[in-house]
Amino acid sequence: MQHISCKALIQHGSFINGSWQLHDNRFDVINPANQEVLAQVATATAADAEQAVLSAELAFAAWAAQPAAKRAEILQRWYQLIMQHQDDLARLLTLEQGKPLAEAKGEIAYGASYIQWFAEEAKRLYGDTIPAPSADKRIIVQRQPVGVVAAITPWNFPNAMIARKAAAALAAGCTFVVKPAQQTPLSALALAELADQAGIPAGVFNVVAGTDAKGIGEVLTRHEKVAKFSFTGSTAVGKQLLKQCADGVKRVSMELGGNAPFIVFDDADIDAAVQGLMLAKFRNAGQTCVCANRILVQRSVYQSFADKLAITMTQLTVADGLADGSQIGPLIDDKAVAKVTQLQQSALDQGATLLLGGGCHSAGKQFFQPTLISDVNADMAISKEEIFGPVAALMAFDTEQEAIELANNTEYGLAAYFYSRDIGRVFRVAQALQFGMVGINEGAISNAAAPFGGVKQSGYGREGSHYGLDDYTDIKYLCLGGL
Ligand code: SIN
């Protein structure tokens, strides 16, 4: 922490209505690389969450009334400040989340790119005129901000998941309250500091950092002044939050779990597929919702793909995210290590073969070795659940139809990837995959210009792109009569 040059980025309490809330009751923020306490943050309560919602409600009318160009200008300032402080923000992120510094820098730029994108989109929140059924009428359609937006964000992207929700909400004219994951509040609080410096008015952007997920979650999903709720996290928690939102008929966006298939067909460029898989599998040590989870390889290229992948994986450097050259950092906590270990072990018990890795790494108790498992099948838990760790599980298939059936054989529908150089197959398979996002000969699909989101039990709503504003606006139809 002492290497963070802008000390104002290190905050220790929630940011509500433009001021920092510093209670005596505090919780520890732990570095997952060495389990040391990094900081103690004042524990916000459900009452603080209510305070944040009320201040967002108070700030809403004035923020919504600002010309779009003014909101855009303030968001651009926020973007620039984030990029100016990219190194400090990345260090803070690595310290509390664990990912390698180079990846953390990438996340800061990725998060900021949503703020820049939506600053531009704020000015393009167009409406519509529709030909009316009679000559004395006109139909005008306007898009209006929904009101106060509440959000709960995960620990795997402590900056970018907040930035991409808040950017769209603020651009549309909404005000915003977020509860960051309790493991990673510091990145959220640093974003609040820069929001303040950028001139975002008090009450427009609020961060409620606390450990009472249930109590704070109740307020954010049920409070009558919350118009819309947005969540990124597991499907199980998302279902519970959806039920809570149902009582108030809140607008909801859910970016939930995934179980991404990564298909390698026999006509693929195998080297490119290996490189694509390295991105899609090992980003953030495998802890992303869009990480390749089931690697389906056509039988005739199975062995050569497995050999090349094994060689590439042995070159991965596992180390503290702050160490030079680190590519795989620690998992977030003990529970994550236990889950990955258990999924891997049960696959091996059921007949899978361990080709590489297979346990904790000498870098520390939360570091997991890049692991390659072969002979996996669709009945194993490792094929059904999100692994959320650096374990690559290979399964063979024979035909295109079988690959499509295996890929779609999941309740999830977030991301899928496939490699093929046959143009007909590319269109057939892209069409048949039941997923919200499909990477074709590409392992890195996330960017601000594209609509991020899933189908089936991976949720609904889209973040990023021009579609990203839809979830934060209501359509209002004006009927002008007597003309
Ligand atoms: C996530 O894991 O939820 C987000 C990943 C991304 O934005 O690429």
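Residues numbered from 1 in each chain as written. Predicted model: local features only at pLDDT ≥ 70, side-chain atom pairs only at ≥ 80, totals over all residues. Heavy atoms only, no water.

**Some remarks on the site of the ligand**
Within the structure, the ligand sits among 13 residues, and Tyr-110, Glu-255, Arg-283, Cys-289 and Ser-446 are positioned closest to it. Between the ligand and Tyr-110, the relevant distance is 2.7 Å, taken from an oxygen atom to a side-chain nitrogen or oxygen of the residue. With respect to the ligand, the side chain of Arg-283 contributes an N or O atom lying 2.9 Å from an oxygen atom. Residue composition of the shell around the ligand, by class: 6 nonpolar, 4 polar and 3 charged. (Near = heavy atom within 4 Å. Polar contact = N/O pair within 3.5 Å; in protein donor to acceptor, adjacent residues only side chain to side chain. Nonpolar A, V, L, I, M, F, W, Y, C, P; charged D, E, K, R; others polar.)

**Some remarks on the packing of aromatic side chains**
Scanning the model with the defined rule gives 9 aromatic pairs in all. Here Phe-15 and Trp-20 contribute two aromatic rings whose centre-to-centre distance is 4.7 Å and whose plane-to-plane angle is 50 degrees, an arrangement assigned as tilted. Ring geometry for Trp-155 and Phe-388: centres 5.9 Å apart, planes at 85 degrees, overall edge-to-face. With Trp-155 in the loop between strand 7 (148–152) and helix 5 (160–172) and Phe-388 in the loop between helix 12 (381–384) and strand 16 (391–397), this residue pair connects regions lying 233 residues apart in the sequence. Given the relative accessible area of 17%, Trp-155 is considered buried. A relative accessible area of 17% places Phe-388 in the buried class. Among the aromatic residues, ring-to-ring pairing joins Trp-78, Phe-176 and Phe-205 into one connected group. For the cation-ring pair, Arg-164 lies above Phe-452, with the distance from its terminal atom to the ring centre recorded as 4.0 Å. Over the face of the ring belonging to Tyr-472 we find Lys-228, whose NZ or CZ atom lies 4.9 Å from the ring centre. (Phe/Tyr/Trp six-rings, centres within 6.5 Å; stacked < 30°, edge-to-face > 60°. Helix = DSSP H or I, 4+ residues; strand = E, 2+ residues; numbered from the N terminus. Buried < 20%, exposed > 50% of the residue type's maximum accessible area, 1.4 Å probe, protein only. Lys NZ or Arg CZ within 6 Å of the ring centre and 35° of its normal.)

**Looking at the packing of helix 2 (residues 68–84) against helix 6 (residues 185–198)**
Axis separation between helix 2 and helix 6 bottoms out at 8 Å; the angle between their running directions is 130 degrees. By the angle class used here, helix 2 and helix 6 are oblique. Considering only the axes of helix 2 and helix 6, their crossing is right-handed. Note on element contacts: helix 6 touches helix 2 through Leu-191, Leu-194, Ala-195, Gln-197 and Ala-198, opposite Ile-74, Arg-77, Trp-78, Leu-81 and Ile-82. (Axes fitted to C-alpha atoms, helices over the stretch in contact; angles between N-to-C directions. Parallel < 35°, antiparallel > 145°, perpendicular 65-115°, else oblique. Left-handed = near helix turned anticlockwise from the far one by under 90°. Contact = heavy atoms within 4.5 Å.)

**Quick look at the nonpolar core**
With 145 residues, the main nonpolar core has Trp-78, Phe-176, Phe-205, Phe-305 and Ile-382 as its most contacted residues. The element best represented in this core is helix 5, accounting for 11 residues. Setting aside residues up to four positions removed in sequence, Phe-205 forms contacts with Phe-15, Trp-78, Ile-162, Ala-166, Phe-176, Leu-191, Ala-192, Ala-195 and Ile-200. The next biggest cluster of nonpolar side chains, apart from the first, holds 22 residues, and it includes Ala-44, Val-219, Phe-231 and Leu-256. (Core = buried A, V, L, I, M, F, W, Y, C linked by side-chain atoms within 4.5 Å.)

**Regarding the pairing of strand 13 (residues 292–298)**
When you tally the buried positions in strand 13, you get 7 out of 7 residues, the bulk of the element. Sheet analysis places strand 12 (residues 260–264) next to strand 13, joined by 5 bridges and oriented parallel. Counted as the bridge partner of Ile-263 is Leu-296 from strand 13. Taken together, strand 12, helix 9 (residues 270–282) and strand 13 form a β-α-β motif whose crossover is right-handed. With 4 bridges connecting them, strand 13 and strand 16 associate as parallel partners. Opposite Ile-295, over in strand 16, you have Leu-394 as the bridge partner. (Pairing = 2+ DSSP bridges. Right-handed = clockwise from strand over helix to strand, strands pointing away.)

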